[in-house]
Amino acid sequence: MRAVIQEWLKNIKRYSELRQGRFQRILKWFVDRHYLHLRPDQRKTIQAILFMHIVGMVSSAMAIIAWGIAFALR
C-alpha cells in the first residue's frame, strides 16, 4: 500500500510540473481526458504497450540505417 501511495504522489508531482507549452497542454489534456480515468492495471498495460512500440521504432530505425550503410559500402 505504501508503494502505491508513493507512486500516486510522484505522479501528482509530475502532473503538476507540466509546463504550459503547446505540447504540454495537449499532453495534459490527454492525461486528464483519457489516462486518469483508467484503473492502475490498465495504466500499466498502456505503459508497457507504449514502451514496446518505442523499442520497435528505435530498432527499426537502427535496422534501416544499418541496411543503408551496408548498401552504401557495397
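(A) Expanded view of the overall build of the chain. Each helix and strand in the chain was counted, giving three helices and zero strands. Moving toward the C terminus, one meets the helices and strands of the chain in the order α-α-α. Projected onto the principal axes, the alpha-carbon positions of the chain cover approximately 55 × 30 × 20 Å. Looking at the chain residue by residue over its 74 residues, the buried ones come to 3%. A total accessible area of about 7100 Å² is found for the chain, and carbon and sulfur atoms account for 68% of it.

(B) Inspection of a nonpolar patch on the surface at higher detail. On the surface, Met1, Val4, Ile5, Trp8, Leu9 and Ile12 cluster together into a nonpolar patch covering about 680 Å² of accessible area. Note that Val4 resides in helix H1 (residues 2–16). Relative accessible area serves as the criterion here: at 57%, Val4 is assigned to the exposed category.

(C) Here's a closer look at the packing of aromatic side chains. All told, the structure shown has one aromatic pair when counted by the stated rule. Geometrically, the ring pair formed by Trp67 and Phe71 is tilted, given 5.7 Å between the ring centres and 35° between the ring planes. Taken as a pair, Trp67 and Phe71 lie in helix H3 (residues 40–73) at a separation of four residues, close to a single helical turn. A relative accessible area of 57% means that Trp67 is categorised as exposed. Classification of Phe71 as partly exposed rests on a relative accessible area of 46%.

(D) Region of the structure containing the pattern of salt bridges. Evaluation of the coordinates by the stated rule reveals two salt bridges. The closest approach of N and O atoms between Lys10 and Glu7, which form a salt bridge, is 3.5 Å. One end of the pair is Lys10 and the other is Glu7, both in helix H1 and three residues apart, which spans about a single turn. Looking at Glu7, the relative accessible area reads 38%, which means it is partly exposed. The closest approach of N and O atoms between Asp41 and Arg39, which form a salt bridge, is 3.2 Å.

(E) Summary view of the layout of surface pockets. Approximately 830 Å³ is the volume found for the largest pocket. Lining the largest pocket we find 19 residues, and of these Asn11, Tyr35, Leu36, Arg43 and Gln47 sit closest to its centre. Sorting the residues of the lining of the largest pocket by element identifies H1, helix H2 (22–33) and H3 as the ones contributing at least two each. Of the residues belonging to the lining of the largest pocket, the class tally is 13 nonpolar, two polar and four charged.

Parameters at a glance
Residues numbered from 1 in each chain as written. Predicted model: local features only at pLDDT ≥ 70, side-chain atom pairs only at ≥ 80, totals over all residues. Heavy atoms only, no water. Helix = DSSP H or I, 4+ residues; strand = E, 2+ residues; numbered from the N terminus. Buried < 20%, exposed > 50% of the residue type's maximum accessible area, 1.4 Å probe, protein only. Areas by Shrake-Rupley, 256 points an atom, 1.4 Å probe, with all protein chains shown as cover. Patch = residues over 30% accessible without salt bridge, like charges linked within 9 Å, V, L, I, M, F, W, Y side chains within 5 Å. Salt bridge = Lys/Arg side-chain N within 4 Å of Asp/Glu carboxyl O. Phe/Tyr/Trp six-rings, centres within 6.5 Å; stacked < 30°, edge-to-face > 60°. 1 Å grid on protein atoms, 1.4 Å probe; cavity = no way out; pocket = protein on both sides within 12 Å on 5 of 7 lines; lining within 4 Å. Points joined across faces, edges and corners; volume = space filled by probe spheres on them. Nonpolar A, V, L, I, M, F, W, Y, C, P; charged D, E, K, R; others polar.

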